[in-house]
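Each chain is listed here by its residues.
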Amino acid sequence: MDWSTNLQMIAAGLAMGSIYALVALGFVLIFNAVNVVNFAQGEFAMVPAFVTVWLMSSLNIPFALTCVIAVIFMGIFGIVFQRIAYYPLRHRSFLPVVISTIGVGIFLKNGAQIIFGAEPLSMPRPTSATALKMLGVFVDPQYVVVILCTLALLGFQYFFFEKTMLGKKMLATAQDKEMARLLGIPVAKMIAITFAYSSILGAAAGILVGPIFFVTKDMGAMLGLKAFCSAILGGFGSVPGAIMGGIFLGVIEVFASYYISSAYRDAFAFIILILVLLLRPQGFFGEKIAEKA
Amino acid sequence: MTTRLNRLLVPAVLVVAVLILPRLVTSNYWMNLINLSISLAVACLGLNIVLGYAGQLSLAQAAFWGVGAYTSAILTTQFGLPVWAGMFAAFFVAAFFGILLGIPTLKLSGHYLAMATIGFGIILQLILVNAIWLTKGSDGITQIPSPWIGSFELKAPGDFYYVAAVSLILFTWGAIHLKDSRVGRALMAIRENEMAAGTAGVDTTYYKILAFTLSAGYAGFGGWLFAHSCSHYISPDTFSFEQSVIMLVMAVLGGNGSAIGSIVGATLLTLLPEMLRFLKDSYMMFYAAGIVAIMIFMPSGIAGLVKSMPVSLRLRAWWNAGSTAARQVASAAAARENSGGKPNAFSIEDCTGSGEVLLSVKGLAKHFGGLKAVDGVDMEVRRGEIQALIGPNGSGKTTILNMLSGLYVPTSGEIALDGAVVTGQKPHVITAHGVARTFQNIRLFGELTVLDNVLIGQHSRSKAGLVAGIFRPGSQRTEEAALRLKALEALEFVGLRGKEFAEAKSLPYGRQRVLELARALVSDPKLLLLDEPAAGLNAAETEALVELLFQIRDRGITILLVEHDMSLVMNVSDHITVLNFGKKIAEGSADEVEHNQEVIDAYLGMEVATEVSNDA
């Protein structure tokens, strides 16, 4: 139980948690807008990670420009995605949409493998590889970048939804599509923008996590599932819930794999999830919704 | 009788097809694939029980498949048990894991359930990888033995095929029998409308766990078939989340809810990738694109496509004509024509003791956070009367019905029915005590037939369990016949004769209301709760309803109804209780209530009421 190890783990946990939070936010925004759980959300982070590696390594494009291209690419990607996986099924029940998003997820994974190969790729680091000394412990500077970028994005998002007209229109669409339509808000467009924004959040997550792990076709699957866990832990549909859930999960996971068992690292998220669903199904921030007789 | 004999053609054709297949397929490679598809088909049949029948999404089916495979593989390779013993172990150990999954996920639905089952599957797979002492970890288990019959080893794929084919036929037979039994109907009721299933007498908790258990058992058996055939080798990679997804797609492609559909789906999706081999690396992409396309263009799967074809319509009509249910309906209709008199209808409550207190409610309250929907209500309902519960919108009428029928647990207070305290009991328990209800916004089992809806209403008055439902001993057939007879009488009573095999949701609105009434009546209630039975009915239908209400009362069934149609309330009620803002403000006969100042105030608002009384 030495103090500096714990601090290091907290830093690592916060960084991983931030990534989960970004992907979880993507889940929640889409869920709020169209009541659909997008099981390809993890792939929204895998695709931009590959795009970034490719742009930087093969075309030698500088990092800043790469980020801009990746974000624009993912914005378009999100719109195309919703057009294929969601739009044709928008009047149908929960199951077909779930399966169709899973199908697109499998498509993207195997597509990535064909285009970029099966070998894990490493993303060039935008930060130096030497550890930063903070509060007396050494911390990977990438962790600091991850946490700061996530905070900045959350700040931007708060401003966007609270202060801009577009953000308010998107919120109105999420709350009541019929009413929004009556007020002249182009609902279909708002939904498309929500998908675009959610996939841009994925781009941020993919680019930020890339330098920490290798970029592989499978990186999205676990990321997506754990982000989904985070969203449920926080209370599905709640934006602060998704963020807190992600960070909570990130930290718990690092500690549990250190103190309990690293072999079962990926199981902790789901064990916690099942416990939370049993004891407090509405999550930390969610409200219990009862069906009316 | 000839249709009955003709129906034997189906098993005959099946037996011939099963025997001939290995003669047609000579390559071991394809024979192995066929065995694999059968193994997957059995697992998908299980998925069809939990998803198609009970409507609960499970994304852990491959994990149960793995549990079955590993159980038998470990028992036969490490402990030297015979393969046949492994078969039973595979089924029961997987079923046990199904209970483990079923219990924590009971309260969950939709994406929560999906997520919990994914988590469960991933945890199981991690255990397979990491519990090396037991499972040999990622290396997997090799040289899993084949089953023996006497001194003959069923090693060749063409020989093992017979074991697989016989199992598949038995499991399909079980699944089809299950669907048309008391247990199967209870599962489908949960799928169609869980709340209504509870008030119709179905213990939703028990049946959901049962569905998960049985589904996992099927998957476990499928796993046994997999472990002891093909490569005789298993490793954790096979039993992944992706494989669960593939099984889900197989079940949905075949047609959700159709047992035969699941088999077709499993076979197609096992053989199809083989035919797509020429696409090399990109075949998974085509596969995935195919999944999306199926979801978009074939919403109800292959079963849905086939169902609407003229050939299959005629085939089904032919098959159904021979069914026991159809013959019973026909003979009941004939009997009715001959006798011409009134039907003797469902069993009649003993009318003695009329006037004594049947339902007594003391200090009943329900608070939602700060909102006091019902706040300390005392009321009594006397046996043999029609009592009305009225009040302005939001006064707590439906909340009281929900507490009486067990859908809400009261915050405080006591509910006693016929002397027994039933406060806070689950809906099916209260139904068994003799309370039935209808809903304000009709809650039928829409995709099921009219007859099935009324059969489910008798759930608490019948007994046949899972085993009896599948094997159909004489006692089960007698019970089914009695249930159908009573259902037919109830349908006759409310005027739905001739609609027995129509889908409930296809009925016009007014007919749906009386069907709901019939479903409630067949549970032999002492007390019938009706939530706005006249809502949405036209004048003629309302008149017929009033007539029905009197007839029901005359049969000794006490009625408590919530209704906004004042002329109906004043017409039928022996006694009226008036609520406002969760409190009782008046009660008495129609006449007393009509002239009660507080009631007038509550309905018209203080000011208007004063003006009205001044004018008068």
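Residues numbered from 1 in each chain as written. Chains lettered and ligands numbered in written order. Predicted model: local features only at pLDDT ≥ 70, side-chain atom pairs only at ≥ 80, totals over all residues. Heavy atoms only, no water.

Chemist: So what's going on with the domain arrangement of chain B? Residues and values would help.
Modeler: All names here are of chain B. The assigned domain composition of chain B is domain 1 (25-241) and domain 2 (357-434 + 525-615). Measuring from the centre of the C-alpha atoms in domain 1 to the corresponding centre in domain 2 gives 49 Å. On the side of domain 2, six residues touch domain 1, which itself brings eight residues to the contact. Approximately 510 Å² of surface area, both sides summed, lies buried where domain 1 meets domain 2, with 64% of it carried by carbon and sulfur atoms. By the criterion of area lost to domain 2, the three top residues of domain 1 are Met195, Thr199 and Asp203, representing 58% of everything that side buries. The tally of links from domain 1 across to domain 2 stands at zero salt bridges. Here the side of domain 1 that touches domain 2 gets three residues from one element, more than from any other, and that element is helix 10 (residues 194-199). Here the residues of the side of domain 1 that touches domain 2 are counted per class, giving three nonpolar, four polar and one charged. (Domains from an automatic or database assignment. Contact = heavy atoms within 4.5 Å. Buried area = accessible area lost by both parts, 1.4 Å probe. Salt bridge = Lys/Arg side-chain N within 4 Å of Asp/Glu carboxyl O. Helix = DSSP H or I, 4+ residues; strand = E, 2+ residues; numbered from the N terminus. Nonpolar A, V, L, I, M, F, W, Y, C, P; charged D, E, K, R; others polar.)

Chemist: So what's going on with the sheet that holds strand 7 (residues 420-421) of chain B? Which residues, and what values?
Modeler: Residue and element names in this part refer to chain B. With antiparallel pairing, four strands are arranged side by side in an open sheet as 4-3-6-7. The open sheet terminates on both sides in strands that have one partner only, identified here as strand 4 (371-382) and strand 7. Bridge analysis of strand 3 (residues 357-368) against strand 6 (residues 412-417) gives five bridges, and the strand direction is antiparallel. The residue bridging Lys362 from the neighbouring strand is Glu414, located in strand 6. Contacting strand 3, strand 4 and strand 6, helix 18 (residues 397-404) crosses the sheet at an angle of about 115 degrees to strand 3. (Pairing = 2+ DSSP bridges. Axes fitted to C-alpha atoms, helices over the stretch in contact; angles between N-to-C directions.)

Chemist: Explain the side chain of Thr194(A) to me, using residue names and the numbers behind them.
Modeler: Residues and elements named next belong to chain A. Residue placement: Thr194 occurs in helix 8 (residues 187-209). A residue is classified by how much of its surface remains accessible, and Thr194, at 6% relative accessible area, is buried. Those residues in contact with Thr194 that sit more than four places away from it in its chain are Leu29, Ile30, Ala33 and Met170. (Buried < 20%, exposed > 50% of the residue type's maximum accessible area, 1.4 Å probe, protein only.)

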